[in-house]
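Read off the chains here:
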Amino acid sequence: MNETNDKPLLHIEKMEVVYHNVLTAVQGISIEVRENQIVALLGTNGAGKTTTLRAVSGFLGIDDAKVTEGLIRFRGDEIQNRPPHLITQKGIVLVPEQDKVFDNLTVEENLQVSASVRKDRTSRENSYDFIFNYFAVLASVRNRLGGYLSGGERQMLSISTALLCNPLLLLVDELSLGLAPIIVEELMNLLKTIRTEQGFTVLLVEQNALGALGIADYGYVMENGRIVFDGDPNRLRSHQDIQEFYLGQGERETRKSYREVKQYRRTRRWYG
Amino acid sequence: MAELIVYGIVLGSIIALGAIGLSLVYGIIRFANFAHGDLMSAGAYVALFMVTGVLSWIGVPDNTFGPISFGWRMVIAFPISMAVVAVVAILMDRILYQKLRTKGSGPVMLAMSSLGAAFIIRMIILILWGADSVFYHPGMMRMFLHLPLGIKIRPDQILILIIVALLFMLLHLFLKNTKMGKAMRATADNMELALISGIDTGRVIIWTWGIGGALAAAAGILYGIDVQLHPGMGWNFLIPLFAATILGSIGNIYGALIGGLTIGIAQQVSTAYLMPTYKLAVAFIIMILILLIRPKGIFGGSGR
């Protein structure tokens, strides 16, 4: 594990999440996120990544799910099973996977609604400039309704509204989903820049491992509700299973035609 | 015919006031509040209690403004009644609906409980004021203005239109420009995202009930001024209210305004061809037709 700081900002300890009292979605996972890090949580559909994020952000209650075992510590305080607005007040802000923006509000109103949560007036006024600094596109569509934005603009607006909530820890659910690769790359780099300049921490959930590992300081791989592998990006990138199943490199060179490509050439073993 | 359309606009504007409240509540709290019609009755009767009771004991003069059928008493009673019914609506939510919501009851359970609340309000009115029709100013001569196209209209009715337009403008400005108005629109759009953004949805819900209740009270009083007061008046308004709300797309206040006017005009114009007792059936038929042809209403484009 990374030993640079003494205590992690977010510490998930052996957390288990159960839906509807019967369905176990996440089984005893432990994740550490240190201050100013970008930590990537990788995995395929249904691995439990989003569940983990919803557990941290407090939305499990709405889904009729619960953290049944283990702890989530944020700056030392236990926050598992707390309601969302209290968690947002503590500085954990979620950029959700779907329904990221208010469709019937304009871009500017979307920003205002978020900014209105801030108590101090002065920082509220400055905050607009810094948003449009990073996302110049948003300034040009500020009077457009959220529902009419492009996928990239929606993602930018969603990140912007989250930034206006003064996050200490930003939870980003699938930054890349449904976006063109070039926009994903741009957003990833922008996220890293903003993180460095504004000084917060990011927990990034991604299916797009390549993009996420490009900016992450540390990564976890989830499968079937468990953490199966973790390490810094270089360690992850060099792992054979990740190359094959997440980065799609594997034995591609030797492939002659699609007919020879089997669904899985071997099972994942996750050691080494 | 022109006259029926004008009467339809007057009736429609009253329906619209009620439908806007219903639509707001539906958009934010997501259940069909069957007690909304009876909140209208409650508003009308609270105003009656003020006009014939409290204000006459205090000694507010009972004169009327020129050609209009009410005076200072109503001017005072109107906002007080709106405030009282707003508080009643908020209390109903605290005592009843909020408890059900926290227990995880579905929309059907909430709708049924609102049906119960509707009966309770109506019975309280029946007990206190009896089952007869009453007027704010019994025995008033109802005078008419003669407009071109053979339209006869009472000054009261013109005033009703002005008051509805004023209330609607106020609501529009509130939703567009204030912090709470934006938070309300955001919550109606997406409750979960509102929670993420740190909006205090509990306060949004209180405001929603308050505004819905106040508008219902205004609608009830205006109907009382235009026609008469009756314990069943709000209940009879329920079908036009829902028809207007659905026609204008649930949750959309501008749609509710258009829907209300449409239903009101359709109801009044139908009296030229049908017996007036079938007015309600007209609203009902329109509602069924919309549900069959365009269930999301005229402004409902999105897939949700």
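All residue numbers refer to position in the chain's written sequence, counted from 1. By the order in which they are written, chains take letters starting at A while ligands take numbers starting at 1. For a predicted model such as this one, the threshold for reporting local features is a pLDDT of at least 70, and the threshold for listing and counting side-chain atom pairs is 80 or more; totals across whole chains, interfaces and linings nevertheless cover every residue. Side-chain metrics rest on all non-hydrogen atoms present in the structure, leaving aside hydrogens and water.

With that out of the way, let us pick up the overall build of chain A. Segments assigned H or I by DSSP are reported as helices when at least four residues long, segments assigned E as strands when at least two residues long, and all are numbered from the N terminus. Per the secondary structure count, chain A includes 10 helices and 10 strands. Counting across all 272 residues of chain A, residues that qualify as buried make up 52%. Residue pairs at least 24 apart in sequence account for 66% of intrachain contacts in chain A once pairs closer than 6 positions are excluded. Residue-level accessible areas treat just the shown protein chains as cover; the underlying method is Shrake-Rupley with a 1.4 Å probe. Surface accessibility of chain A: about 13,100 Å² in total, with carbon and sulfur atoms responsible for 45%. Three labels apply to residues, based on accessible area from a 1.4 Å probe with only protein chains included: buried if under 20% of the type maximum, exposed if over 50%, partly exposed otherwise in between. By definition, residues are in contact when any of their heavy atoms lie within 4.5 Å.

Let us now look at the packing of helix α1 (residues 2-29) of chain B against helix α8 (residues 201-226) of chain B. Residues and elements named next belong to chain B. All axes here are fitted lines through C-alpha atoms, helices being fitted over the stretch that makes contact, and every angle between N-to-C directions spans 0 to 180 degrees. For the pair α1 and α8, interaxial distance at closest approach is 9 Å and the crossing angle is 165°. Judged by the inter-axis angle, α1 sits roughly antiparallel to α8. Considering the relative orientation of α1 and α8, their crossing is left-handed. Listed contacts from α8 to V10, L11, I14, L17, G18, I20, G21, L24, V25, I28 and I29 of α1 are V204, I205, T208, W209, I211, G212, L215, A218, A219, L222, Y223 and D226. Within the contact of α1 with α8, the residues separate by chemical class into 18 nonpolar, four polar and one charged. In what follows, roughly perpendicular refers to angles from 65 to 115 degrees, roughly parallel to angles under 35, roughly antiparallel to angles over 145, and oblique to any angle outside these ranges. By convention, the crossing between two helices is left-handed when the near helix turns anticlockwise from the far helix through less than a right angle, and right-handed when the turn is clockwise. Gly is placed with the polar residues, together with every amino acid not listed as nonpolar (Ala, Val, Leu, Ile, Met, Phe, Trp, Tyr, Cys and Pro) or charged (Asp, Glu, Lys and Arg).

A word on empty space enclosed by the protein. To find leftover empty space, a probe the size of one water molecule is rolled over the atoms. Residues are called lining when one of their atoms sits within 4 Å of a cavity or pocket point, these points coming from a 1 Å grid over the protein atoms alone, where a cavity is a set in which a 1.4 Å probe fits but cannot get out and a pocket is an open set with protein on both sides within 12 Å along at least five of seven lines. Grid points are joined across faces, edges and corners, and a volume is the space filled by probe spheres set on the points. Summed over the entire model, instances satisfying the criterion amount to six cavities of 30 Å³ or more. Space inside the largest cavity adds up to approximately 100 Å³. Lining the largest cavity are 16 residues, with A:K100, A:S158, A:T161, B:L193 and B:S197 positioned closest to its centre. Those elements giving two or more residues to the lining of the largest cavity turn out to be β6 (92-95), α3 (107-115) and α6 (151-164) of chain A together with α7 (191-196) of chain B.

Attention shifts here to a nonpolar patch on the surface. Residues and elements named next belong to chain B. Together, F49, W57, F119, I120, M123, I124, L126, I127, L128 and W129 make up a nonpolar patch on the protein surface, roughly 1,100 Å² of accessible area in all. The dominant element in the nonpolar patch, judged by the number of residues it contributes, is helix α4 (residues 107-129), at eight residues. When you line up the elements, W129 lands in helix α4. Owing to a relative accessible area of 31%, W129 belongs among the partly exposed residues under this scheme. Put simply, a patch holds well-exposed residues, over 30% relative accessible area, that have no salt bridge, with like charges counted together within 9 Å and Val, Leu, Ile, Met, Phe, Trp or Tyr side chains within 5 Å. The salt bridge definition used is simple: a Lys or Arg side-chain nitrogen within 4 Å of an Asp or Glu carboxyl oxygen.

Our next topic: the interface of chain B and chain A. Across the contact, 17 residues belong to chain B and 22 residues belong to chain A. By buried area we mean how much accessible surface two parts lose on assembly, using a 1.4 Å probe and totalling the loss over both. Across the chain B to chain A interface the summed buried area is about 1,800 Å²; carbon plus sulfur atoms make up 59%. Among the salt bridges present, the one from B:E192 reaches A:R54, with a minimum N-O distance of 3.1 Å. The term polar contact refers here to a pair of N or O atoms within 3.5 Å; inside protein, the definition further demands a hydrogen-donor-capable atom paired with an acceptor-capable atom, and it admits residues adjacent in sequence only when both atoms are side-chain atoms. In this assembly, chain B and chain A are joined by five residue pairs in polar contact (both at pLDDT 80 or more).

What we call a nonpolar core is a set of buried Ala, Val, Leu, Ile, Met, Phe, Trp, Tyr and Cys residues that are connected through their side-chain atoms within 4.5 Å. If you look at the biggest cluster of nonpolar residues, it comprises 129 residues, and the most contacted ones within it are A:L10, A:M15, A:V17, A:I72, A:L169, B:Y136 and B:M184. No other element matches α8(B), which puts 14 residues into this core. Excluding residues within four positions of it along the chain, A:L10 makes contact with A:I31, A:E32, A:V33, A:V56, A:I72, A:R73, A:F74, A:L169 and A:L203. Among the nonpolar cores identified, the runner-up in size contains 48 residues, and A:Y128, A:L163, A:M188 and A:Y246 belong to it.

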